[in-house]
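# Report on the structure
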Amino acid sequence: MNRKLLLMLSIFLVLALALAACAPQTSDPEAAVQEAVEAVQEAAEEMAPTVEAAVEEIAPTVEAAVEEVVEEATAEAVACCMGLTADCLACTEGVEVEEYCANNPETAGCEEFAPAVEEEAMESSGAIVAAESCDYGGKILSIEALDDLTVQFNLCKSDPAFLAKIAFTPFGIQPAEYIAETGGTGALLEKPIGTGAYMVGEWVRGDSIIFKRFADYWGEPAIAETAVLRWNAEGAARLLELQAGTVDEITNVSPDDFASVEDDPNLQLLPIANPNILYVGFTNTFEPFNDVAVRQAIAMGIDRQRIVDNFYAPGSEVASHFTPCSIPNGCAGDAWYEYDPEAAKQMLADAGYPDGFETTIYYRDVFRTYLPEPGLVAVDIQSQLAEIGITATVEVMESGAFIDESTSGRLNGIHLLGWGADYPHITNFLDFHFGADNPQFGEAHPEIYENLLEASTIADVATAEPYYVAANNAIKELVPMIPIVHGVAANAAKADLQGVQQRPFGAAVFSLLDNGTDTIVYMQNAEPISLYCADETDGESLRPCQQVVETLYDYELDSGDVRPALATSCEANEDATVFVCNLREGVTFHDGSAFDAGDVVASWAAGIDASSPYHTGNTGSFDYYSYLWDGLMNSGE
């Protein structure tokens, strides 16, 4: 049958259907059908010449279109089969493409049907965060996942403290997917997902954080099913709770209470040998602290021994240097200025302030090892400054706001702050505070930070000493701050509490504490600021983070020596510029996902890569990433 006849029949059929639809309704179906047929025949006879003419006219166009479609389809089919692609081969076997690819995964076109686990493995092994070059000034060039369980850190310069640094809590690992899901903030600040022995159950704002034992922990499980972290700013109030038996351990016993704890048979005093420093800070972008002579005058006008004698426990000592002498090279160089109020007044007069000036002393009311009586010390310094002609008001700030404002260099006045060692190396004290990128004290001093940069690449203590002598002497001359005291501190616990620790570095490990029940209660000085510790520096935040989120290495319980944690080893090349870390197998996050190299890269990228969409955090400062690694990569500066 030719195409013209088909077209004509099609037209007549459409016409028949139309006439049937439009025909009058009748109760006799057969009669209705007969009437429709007769109507179609009559219409067909009348319209036949017209329809035939129309068919003759459009036939060539229709035939050409059909031939074009057939040719294109044939060409596509030939091309497909010549390329041996999955869709064509599946068609020839009479199966669905997905089914064909399941049995022939290497066939071209099967990539989209690859199993999800293989996609994740590919993403993990290819994960990388990198700077364009080492020209940005930081220590880390790139971090890359070599495979699921291997991560390589490529450094721009040698770092002998590398393992001690990566053991620090802010460099903990969380799931890459969770970081992306939260955008690097939001829920991440409230409920971190880690691999630790405890996971966050609930944070009751203003009251407590409740931790629950993680059943699938890769190491020794937590002894108590539940751990509760509470806080109180008053040392006396914390001690009363311990004496009443409502808590198992407290931090920072007030110096005046040491003796009463030691004399109580129901309690035990736990001295902690954590190196620390209290200092008086200035920001040199504000007058009159932009004048080094003013800063030097204040340094000579504060009686530091008086502060130690009145407010600190026995064993505390006046600071001769910013870094405690127990840290190698900490006390290299000249000792600090002696107390000389007359010389201080003369220096102020010579600087143009014969009658002194007005300023503000800022502090936060949080008991710390380096500052056990914040308000009393602030008032004592206020009275000492008055003796050399400086009128100071005292202003207490909320803890989080104080940390943010002071460390960002936005306080116009004097601030009281301190530091407890995070790892046993001088870089933890000097590089953090006096590095080129730290705005806390205003404009940084190259006389200090250039020596620190050079020294930080030298592993041998004696070889590095001349650089630390120069740096410490420059700190004394330029007075970006005034070191006051290295304090002695102690925690206290119930006498029958087992598993207590007196760690010089790192917080107490809750999972080791045993009071014979399913719940242990620990009380610290203040509420955490947030629980995303990649972007926190406060000890009250770092302590709870450490129970939940783990790092590649950890510190021994009784020293600053490091030991493997989420990594089983990190091997360095000869000049300590490349570290290859082998990760622990079979580790699971609290959300049930598997720990791998991609999570390491993602966690570090959120902190150290300023261009990352997840570089958000709480304040966005990521201070430890910036200062301990000499700057953030891809910052655009």
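Attention here is on the structure that accompanies the text.

Rules behind the numbers
- Residues numbered from 1 in each chain as written.
- Predicted model: local features only at pLDDT ≥ 70, side-chain atom pairs only at ≥ 80, totals over all residues.
- Heavy atoms only, no water.
- Phe/Tyr/Trp six-rings, centres within 6.5 Å; stacked < 30°, edge-to-face > 60°.
- Helix = DSSP H or I, 4+ residues; strand = E, 2+ residues; numbered from the N terminus.
- Buried < 20%, exposed > 50% of the residue type's maximum accessible area, 1.4 Å probe, protein only.
- Lys NZ or Arg CZ within 6 Å of the ring centre and 35° of its normal.
- Pairing = 2+ DSSP bridges.
- Contact = heavy atoms within 4.5 Å.
- Axes fitted to C-alpha atoms, helices over the stretch in contact; angles between N-to-C directions.
- Salt bridge = Lys/Arg side-chain N within 4 Å of Asp/Glu carboxyl O.
- Right-handed = clockwise from strand over helix to strand, strands pointing away.
- Polar contact = N/O pair within 3.5 Å; in protein donor to acceptor, adjacent residues only side chain to side chain.
- Disulfide = S-S within 2.5 Å.

Turning to the packing of aromatic side chains, a few remarks are in order. One pass over the structure, following the stated rule, counts 32 aromatic pairs. Plain terms: the ring middles of F171 and W629 are 5.8 Å apart, the flat faces sit at 65° to each other, and that makes the pair edge-to-face. Within this pair, whereas F171 is found in the loop between α6 (162-166) and α7 (176-182), its partner W629 is found in the segment after α21 (623-628), the two being separated by 458 residues in sequence. Under the relative-accessibility criterion, F171 is labelled buried at 1%. For the ring pair Y217 and W218, a centre distance of 5.4 Å and an interplane angle of 50° mean the geometry is tilted. A cation over an aromatic ring shows up here: K165 above the ring of W629, its NZ or CZ 4.9 Å from the ring centre.

Another aspect to go through is the sheet that holds strand β13 (residues 414-420). Strand order in this open sheet of 6 strands is β10-β14-β9-β13-β11-β12, and the pairing throughout is mixed. Looking at which strands have only one partner, the edges of the open sheet turn out to be β10 (317-318) and β12 (391-397). Of the pairings in the sheet, the one linking strand β11 (residues 358-364) to β12 comprises 7 bridges and is parallel in character. Paired with Y362 across the bridge in β12 is E395. This element, helix α12 (residues 304-311), spans β10 and β14 (481-486) of the sheet and lies at about 35° to β14. Running over the sheet, helix α15 (residues 399-407) touches β11, β12 and β13 and is turned about 100° from β13.

In this section: the pattern of salt bridges. The tally for this structure, following the rule as stated, stands at 18 salt bridges. For the salt bridge of E241 with R230, the shortest nitrogen-to-oxygen distance reads 2.7 Å. Here the residue E241 occupies a position in helix α9 (residues 235-244), and R230 occupies one in strand β6 (residues 226-231), the gap between them amounting to 11 residues. Residue E387 pairs with R306 through a salt bridge whose shortest N-O separation is 3.7 Å. Taken together, the residues span a long stretch of sequence, with E387 in the loop between α14 (374-386) and β12 and R306 in helix α12 at a distance of 81 residues. By sharing partners, the salt bridges in this structure join R503, D554, E556 and R563 into a single network.

Spatially, β1-β2-β3-β20-β19 is the arrangement adopted by the 5 strands of the open sheet, whose pairing is antiparallel. Of all the strands in the sheet, the pair left with one neighbour each is β1 (128-130) and β19 (567-572). Taking each pair of neighbouring strands and ignoring which way they run, the sheet shows an average axis angle of 15°. Taken together, the 6 bridges between strand β2 (residues 140-147) and strand β3 (residues 150-155) define a ladder with antiparallel strand orientation. Looking at the pairing, I143 lines up with F153 of β3. In this fold helix α20 (residues 597-608) packs onto β1, β2, β3 and β20 (578-583), with an angle of close to 160° to the strand it touches most, β2.

Now for the pairing of β11. Most of β11 is tucked away, with 6 of its 7 residues classed as buried. The handedness of the β11 to β12 crossover, carried by α14, is right-handed. Strand direction decides the pairing type here: β11 and β13, joined by 2 bridges, are parallel. By the bridge assignment for β13, Y362 is matched with H415.

As a further point, take helix α19 (residues 539-548). Buried residues dominate α19, accounting for 10 of its 10 residues. Considered for burial, the residues of α19 that qualify are G539, E540, S541, L542, R543, P544, C545, Q546, Q547 and V548. Among the structural elements, β4 (198-204), β5 (208-213), β6 and β16 (519-524) are those in contact with the buried residues of α19. Where α19 begins, the capping side chain belongs to D538, and its oxygen is found 3.1 Å from the backbone nitrogen of E540.

A few words on unusual backbone geometry. The peptide bond linking E287 to P288 adopts the cis configuration, its omega dihedral lying at 0°. Within the secondary structure, P288 is located in the loop between β9 (276-282) and α11 (292-301). One non-glycine residue, V479, adopts positive backbone phi at about 45°. The backbone phi angle of A576 is positive, close to 55°, even though this residue is not glycine. Along the chain, A576 falls in the loop between β19 and β20. Taking the relative accessible area as the measure of exposure, A576 reaches 15% and is therefore buried.

It is worth spelling out the state of the cysteines at this point. Scanning the model with the defined rule gives 4 disulfides in all. At a sulfur-sulfur separation of 2.1 Å, the disulfide partner of C533 is C545. Note on the C533 and C545 pair: the S-S dihedral is about 80°, so by sign convention the disulfide is right-handed. Taken together, the residues span a long stretch of sequence, with C533 in the loop between β16 and α19 and C545 in helix α19 at a distance of 12 residues.

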